[in-house]
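Tertiary structure, described
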Amino acid sequence: MVTILIIEDENQIRENIREILHLFDFDTLVAQNGLVGLEIAKNQHPDLILCDLMMPVMSGEELFLKV
């Protein structure tokens, strides 16, 4: 099964994306900021990362420079 990591600082948006992906039988991982998302990506190795670019703590651009 395909696993998708959702990195989004706004809770409602994050949960909406998660629900939609579950309707299509994707496994999902979620993170509320880039720093948490980076740790999840390193440990879980998702197949795809959907990431907001403008977030506190670590932006999406900073995250992808480190992945």
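Rules used throughout
Residues numbered from 1 in each chain as written. Predicted model: local features only at pLDDT ≥ 70, side-chain atom pairs only at ≥ 80, totals over all residues. Heavy atoms only, no water. Salt bridge = Lys/Arg side-chain N within 4 Å of Asp/Glu carboxyl O. Helix = DSSP H or I, 4+ residues; strand = E, 2+ residues; numbered from the N terminus. Buried < 20%, exposed > 50% of the residue type's maximum accessible area, 1.4 Å probe, protein only. Polar contact = N/O pair within 3.5 Å; in protein donor to acceptor, adjacent residues only side chain to side chain. Contact = heavy atoms within 4.5 Å.

Our focus in this paragraph is the pattern of salt bridges. Any two side chains of opposite charge can pair if their charged atoms end up close together. On inspection of all chains with the given rule, the structure shows one salt bridge. A salt bridge links glutamate 15 to arginine 18; its shortest N-O distance comes to 3.5 Å. Of this pair, glutamate 15 and arginine 18 both sit in helix H1 (residues 11-23), separated by three residues, roughly a single helical turn. A residue is classified by how much of its surface remains accessible, and glutamate 15, at 24% relative accessible area, is partly exposed.

Here threonine 28 shows up in strand E2 (residues 27-31). When its relative accessible area of 15% is taken as the criterion, threonine 28 is described as buried. A polar contact is formed between the side chain of threonine 28 and the side chain of histidine 22, at a distance of 2.7 Å. Apart from residues lying up to four places away in sequence, threonine 28 is in contact with Ile4, Ile6, Arg18, Leu21 and His22.

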